[in-house]
Amino acid sequence: MSTTVNAYGAPKAGAPLEPVTIERRDVGPHDVKLDILYCGICHSDLHFAGGDFGPLPVEPLVPGHEIVGVVTEVGDQVTKHRIGDRVGIGCMVDSCRECENCLRGDEQYCLNGHTLVFGAADRDGSFTQGGYSQAVVANEDFVLRVPESLTPASAAPLLCAGITVYAPLKKWGAAPGKRVAVVGLGGLGHMGVKLAKAMGAEVTVLSRSEDKREAALALGADAYHATGDGQAFEKLANTFDIILNTVSAPIDLNAHLGILRIDGTLVSVGVSTEPLPLDVFALMTNGRNISGSQFAGIRETQEMLDFCAEHGVTADIELVRADQINEAYERMLASDVRYRFVIDNATLA
């Protein structure tokens, strides 16, 4: 029999989230059930629930894709997890496992479409529901081991914010001797600073005003530049190997490309729904690159968690009750959070 659990969900697009109950499927042979301890709140949760990415696929829609919990039940063929293990679930809970991208460990780019942890058609025909809930059931291959040295509440945002910046920093070579600029200092940006520093790079934060200078330096940034008046782009010409763009609003691509060194890369992980004009000569000069990145596959996500445990990296969070989720959404829109809201799922009881 399926299990009924308490949750918080959007009854329709754009409506405030409210208490709901949802059904969790039976634990199958390769499934793991976990009681959710904490779930991070991501900007994309807000966009999904608000209908910004299209109509809600299911009503109510329960968001949440930064999940940390404890295993309470395993299927009879599960080999990767045991009851009592501390585990996590990120943005996806399934993929085809057969396409070229899946076979190389890039399930996030599954050619047949990965299954998101919420709002996606599941293999049984139902729709997935996310981590603003008491419990979840998922295939063992998409459940990650959360090292015991990581504080569980602060580790939850690693399952999205952490891996979203870790993967491109690793791909484009953040390391000693490299200069990384992080654009924006929100949930993604603050993780970008921490992880780039842990990788040994020299890190500069770029933000439009001086407001976040003190916070950026406190996180470990080596330098900070306000870009609102445009003068910083002239001063920083040909400086950086990697620019990590974490903001969800349009930026001046051409100005930012101008501060890349030869073969440098601007990689966007923030989601802007507006097109960004590009002067191709800004790319051709110095052989610069533009890239995008979308979280990562399961193998690399586990690698990131282990890296964070080794280097003592977690998110800076503010813990909230379930009945504060709508307030948290409003504060996110006002950029009033340092730097990630995390739900204490015990308050769903």
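Look up a bit, the structure's there.
In this report, the structure presented in the accompanying data block is examined. (Residues numbered from 1 in each chain as written. Predicted model: local features only at pLDDT ≥ 70, side-chain atom pairs only at ≥ 80, totals over all residues. Heavy atoms only, no water.)

## Considering the sheet that holds strand β12 (residues 223–226)
The strand order across the open sheet built from 6 strands is β12-β11-β10-β13-β14-β15, with neighbouring strands paired in parallel fashion. This sheet does not close on itself; its edge strands, each paired only once, are β12 and β15 (289–292). Averaged over all pairs of adjacent strands, the angle between their axes in this sheet comes to 20°, without regard to strand direction. Against the sheet, helix α4 (residues 161–171) makes contact with β10 (179–183), β13 (240–245) and β14 (260–268), and its axis sits at roughly 160° relative to β13, the strand it touches most. (Pairing = 2+ DSSP bridges. Helix = DSSP H or I, 4+ residues; strand = E, 2+ residues; numbered from the N terminus. Axes fitted to C-alpha atoms, helices over the stretch in contact; angles between N-to-C directions. Contact = heavy atoms within 4.5 Å.)

## Description of the packing of aromatic side chains
In the structure shown here, the tally under the stated rule is 3 aromatic pairs. Judged by centre distance (5.2 Å) and plane angle (75°), the ring pair of F48 and F118 falls under edge-to-face. With F48 in helix α1 (residues 43–50) and F118 in the loop between β7 (115–116) and β8 (135–139), the pair connects residues that are 70 residues apart, well separated along the chain. Of the residues examined, F48 reaches a relative accessible area of 26% and is grouped as partly exposed. (Phe/Tyr/Trp six-rings, centres within 6.5 Å; stacked < 30°, edge-to-face > 60°. Buried < 20%, exposed > 50% of the residue type's maximum accessible area, 1.4 Å probe, protein only.)

## Concerning the nonpolar core
Generally speaking, nonpolar side chains in soluble globular proteins are found buried as a group. Counting 54 residues, the largest nonpolar core has L158, L169, V180, L185, M191, V193 and L195 as the members making the most contacts within it. Elements that contribute at least two residues to this core include exactly α3 (152–155), α4, β10, α5 (187–198), β11 (202–207), α6 (213–218), β13 and α10 (298–311). It is α4 that contributes the most residues to this core, 6 residues altogether. If we skip the residues at most four places from it in the chain, V193 touches V182, L185, V203, V205, L219, G220 and A221. By size, the runner-up hydrophobic cluster in this structure holds 41 residues, among which are I41, V117, Y132 and I325. (Core = buried A, V, L, I, M, F, W, Y, C linked by side-chain atoms within 4.5 Å.)

## Quick notes on the pattern of salt bridges
Under the criterion given, the structure shown has 19 salt bridges. K80 is the partner of D141 in a salt bridge, and the nearest nitrogen-oxygen pair spans 2.7 Å. Linking D141 in the loop between β8 and β9 (144–145) with K80 in the loop between β4 (67–74) and β5 (86–89), this pair joins segments that are 61 residues apart in sequence. The exposure class assigned to K80 is partly exposed, which follows from its relative accessible area of 49%. For K170, the salt bridge goes to E300, with nearest N and O atoms at 3.9 Å. Placement of K170 in helix α4 and of E300 in helix α10 is noted, with a sequence separation of 130 residues between them. In this structure, a network of salt bridges that share partners links the residues K80, D94, R97 and D141. (Salt bridge = Lys/Arg side-chain N within 4 Å of Asp/Glu carboxyl O.)

## A short note on the packing of α4 against α5
Two elements in contact, α4 and α5, have axes separated by 9 Å at closest approach and are oriented at 50°. On the basis of their axis angle, the class for α4 and α5 is oblique. As α4 packs across α5, the resulting crossing turns out to be right-handed. Residues A161, G162, T164, V165, Y166 and L169 of α4 touch α5, and the partners they reach there are G187, L188, M191, G192, L195 and A196. Taken together, the residues of the contact of α4 with α5 break down into 8 nonpolar, 4 polar and no charged. (Parallel < 35°, antiparallel > 145°, perpendicular 65-115°, else oblique. Left-handed = near helix turned anticlockwise from the far one by under 90°. Nonpolar A, V, L, I, M, F, W, Y, C, P; charged D, E, K, R; others polar.)

## Structural notes on the side chain of D241
Along the chain, D241 turns up in strand β13. Under the relative-accessibility criterion, D241 is labelled buried at 13%. Separated by 2.8 Å, the side chain of D241 and the backbone nitrogen of R179 make a polar contact. Of note is the side chain of D241, whose polar atom sits 3.3 Å from the side chain of R261. Excluding anything up to four places from it in sequence, D241 contacts G177, K178, R179, L260, R261, G264 and T265. (Polar contact = N/O pair within 3.5 Å; in protein donor to acceptor, adjacent residues only side chain to side chain.)

## Comments concerning α1
Every α-helical turn comprises 3.6 residues, leaving residues that sit three or four positions apart pointing alike. For α1, the complete set of buried residues consists of S44, D45, L46 and A49. Residues of α1 that are buried in the fold lie against β3 (31–41) and α11 (325–333). Positioned one or two residues after α1, G51 has a phi angle of 85°, which is positive.

## Overview of a nonpolar patch on the surface
There is a patch of nonpolar side chains on the surface, built from V280, F281 and M284 and spanning about 330 Å² of accessible area. Within the secondary structure layout, V280 lies in helix α9 (residues 280–284). Since its relative accessible area comes to 44%, V280 is described here as partly exposed. (Patch = residues over 30% accessible without salt bridge, like charges linked within 9 Å, V, L, I, M, F, W, Y side chains within 5 Å. Areas by Shrake-Rupley, 256 points an atom, 1.4 Å probe, with all protein chains shown as cover.)

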